[in-house]
Amino acid sequence: ALRLASRTHGNNLEHGLPVILLMLFYEVSSGSAVMLCSIGTVYLATRVVYSIGYLTKPGKLAQIVGAGVTYLTELVLVVLVLMAACAEMAQATVA
C-alpha cells in the first residue's frame, strides 16, 4: 500500500511541475485569467480522480480518464503558450 501511495504521489509531482511552469509562462505572456483558473481547476480535479483511481483500482476507468484529461490539459496549455508567444512575436515585429 505504501509503494502504491508513493507512486501516486510521484506521478502527481511528475505532471505538476510542467503544468505549473506552463501556467506561469501563460500568465506572464498576458494570458486570460479566466482561462488560467479554468485550466488549473480542471487539472486539479483530474489529478484527484486519477489518484483515487490509482489507489483503489489501478487500470480502471477513473485512472484512465484522469490520465487522459491530464494529458489533454497539458496539451491545451502548450498550445496556449505557443499561441501567446507567437502573438507577442508578431507584435514585436510590427512595432
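As the structure is a computational prediction, the values presented were derived from the model and not from experiment.

### A word on the overall build of the protein chain
Logical step 1: Scanning the protein chain from terminus to terminus reveals 3 helices and 0 strands.
Logical step 2: Shown N-terminal to C-terminal, the secondary structure of the protein chain runs as helices and strands in the order α-α-α.
Logical step 3: Computed over the C-alpha atoms, the radius of gyration of the protein chain is 16 Å, more than 25% above the 12 Å expected from 2.2 N^0.38 for a compact globule of 95 residues.
Logical step 4: Overall size of the protein chain, expressed as C-alpha extent along the three principal axes, is 60 × 20 × 20 Å.
Logical step 5: Here the protein chain holds 95 residues, and the buried ones make up 31% of them.
Logical step 6: Summarising the internal contacts of the protein chain: among those between residues at least 6 apart in sequence, 67% fall at separations of at least 24.
Logical step 7: Here the protein chain has roughly 6,300 Å² of accessible surface; of this, 76% comes from carbon and sulfur atoms.
Logical step 8: For the protein chain, the distance from the average position of its 5 positive side-chain charges to the average position of its 4 negative side-chain charges is 25 Å.

### Quick word on the side chain of threonine 73
Logical step 1: Checked against the element boundaries, threonine 73 lands in helix H3 (residues 61–94).
Logical step 2: The exposure class assigned to threonine 73 is buried, which follows from its relative accessible area of 6%.
Logical step 3: At 2.7 Å, the side chain of threonine 73 and the backbone oxygen of valine 69 are in polar contact.
Logical step 4: Setting aside chain neighbours within four positions, we find threonine 73 in contact with Ile39, Val42 and Tyr43.

Rules used in this analysis
- Residues numbered from 1 in each chain as written.
- Predicted model: local features only at pLDDT ≥ 70, side-chain atom pairs only at ≥ 80, totals over all residues.
- Heavy atoms only, no water.
- Helix = DSSP H or I, 4+ residues; strand = E, 2+ residues; numbered from the N terminus.
- Rg over C-alpha atoms; globule rule 2.2 N^0.38 Å.
- Buried < 20%, exposed > 50% of the residue type's maximum accessible area, 1.4 Å probe, protein only.
- Contact = heavy atoms within 4.5 Å.
- Areas by Shrake-Rupley, 256 points an atom, 1.4 Å probe, with all protein chains shown as cover.
- Lys, Arg positive; Asp, Glu negative; His and termini not counted.
- Charge placed at Lys NZ, Arg CZ, Asp CG, Glu CD.
- Polar contact = N/O pair within 3.5 Å; in protein donor to acceptor, adjacent residues only side chain to side chain.

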